[in-house]
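Chain and residue survey
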Amino acid sequence: MAKYLLLKHYRGAPASVNDVPMDQWRPEEVSAHVQYMLDFIARLESTGEFVETHALSPEGTFVRYDGEGRPPVTDGPFPETKDLIAGWLVIDVDGYERALELAGELSAAPGAGGKPIHEWLEVRPFLGELPAITD
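Residues numbered from 1 in each chain as written. Predicted model: local features only at pLDDT ≥ 70, side-chain atom pairs only at ≥ 80, totals over all residues. Heavy atoms only, no water.

**With respect to the side chain of Glu-29**
- Relative to the elements of secondary structure, Glu-29 occurs in helix 1 (residues 27-47).
- With near-sequence residues (within four places) excluded, Glu-29 lies in contact with Gly-111, Ala-112, Gly-113 and Gly-114. (Helix = DSSP H or I, 4+ residues; strand = E, 2+ residues; numbered from the N terminus. Contact = heavy atoms within 4.5 Å.)

**Examining helix 3 (residues 96-106)**
- All of the buried residues along helix 3 are Ala-99, Leu-102, Ala-103 and Leu-106. Seen end-on, helix 3 carries its buried residues on one side only, within an arc spanning 105 degrees.
- Residues of helix 3 that are buried sit in contact with strand 1 (2-9), helix 1, strand 3 (85-93) and strand 4 (121-125). (Buried < 20%, exposed > 50% of the residue type's maximum accessible area, 1.4 Å probe, protein only. Arc of directions from axis to C-beta.)

**A short note on the environment of Met-22**
- Along the chain, Met-22 turns up in the loop between strand 1 and helix 1.
- Taking the C-alpha atoms as reference points, Met-22 and His-33, eleven residues apart in sequence, are found 9.7 Å from one another.
- Setting aside residues no more than four positions away along its own chain, Met-22 makes contact with Val-30 and His-33.

**A word on the confidence of the model for the protein chain**
- In the predicted model, the protein chain carries a mean pLDDT of 84, and 81% of its residues have values of at least 70.
- Mean pLDDT values for the elements of the protein chain range from 56 in helix 2 (residues 81-84) up to 96 in helix 1. (pLDDT = per-residue confidence, 0-100.)

**Here we look at the pattern of salt bridges**
- Applying the stated criterion across every chain yields a total of seven salt bridges.
- For Glu-29, the salt bridge identified is with Arg-26, shortest N-O distance 2.9 Å.
- Under the relative-accessibility criterion, Glu-29 is labelled buried at 6%.
- Ionic pairing is found between Glu-101 and Arg-98, a salt bridge with its closest N-O pair at 2.8 Å. In this pair, Glu-101 and Arg-98 both sit in helix 3, three residues apart, roughly one turn of the helix.
- Glu-101 sits in the partly exposed class, given a relative accessible area of 42%.
- What you see here is one network of salt bridges that share partners, running through Arg-26, Glu-28 and Glu-29. (Salt bridge = Lys/Arg side-chain N within 4 Å of Asp/Glu carboxyl O.)

**Here we look at the packing of helix 1 against helix 3**
- It is at 11 Å that the axes of helix 1 and helix 3 come closest, and there the two elements cross at 155 degrees. Here helix 1 lies roughly antiparallel to helix 3, going by the angle between them. As for the relative orientation of helix 1 and helix 3, their crossing is right-handed in sense. Together, Tyr-36, Met-37, Phe-40, Arg-43 and Leu-44 of helix 1 and Leu-102, Glu-105 and Leu-106 of helix 3 make up the contact between the two elements.
- Of the residues contributing to the contact of helix 1 with helix 3, the split by class is six nonpolar, no polar and two charged. (Axes fitted to C-alpha atoms, helices over the stretch in contact; angles between N-to-C directions. Parallel < 35°, antiparallel > 145°, perpendicular 65-115°, else oblique. Left-handed = near helix turned anticlockwise from the far one by under 90°. Nonpolar A, V, L, I, M, F, W, Y, C, P; charged D, E, K, R; others polar.)

See below:
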């Protein structure tokens with residue numbers, strides 16, 4: 001089994017076919033989208049392929065270490081993840097082809113007008129064990 005991250009983007013990926021921002025969907029469209037996600041997760045739980053999932057709040061802050069006694073630097077010149085990353089799903093599957101298959105299914109979640117959003121998902125494998133550090 002191999003773990004993969006299915007990363008959902010607000011922006012930064014190519015535009016989806018049904019590219020209406022979620023804050024412009026009708027309440028029943030949001031409900032249908034959430035139900036699709038819940039059903040998808042329940043199916044992965046039943047096959048043992050589900051690990052975890054989280055949606056992210058649009059709020060967030062960039063922070064970095066800037067030296068002893070100095071405040072962290074926030075809201076730097078780079079795009080913030082709050083503008084880019086909507087959430088993620090971690091799966092544990094037999095291999096890359098299965099990860100792609102599931103990402104394709106997740107991409108078909110309904111959006112505006114009840115039509116599939118054809119959302120681009122980033123599929124990232126987890127690294128295996130890191131090598132031991134020796135002196």
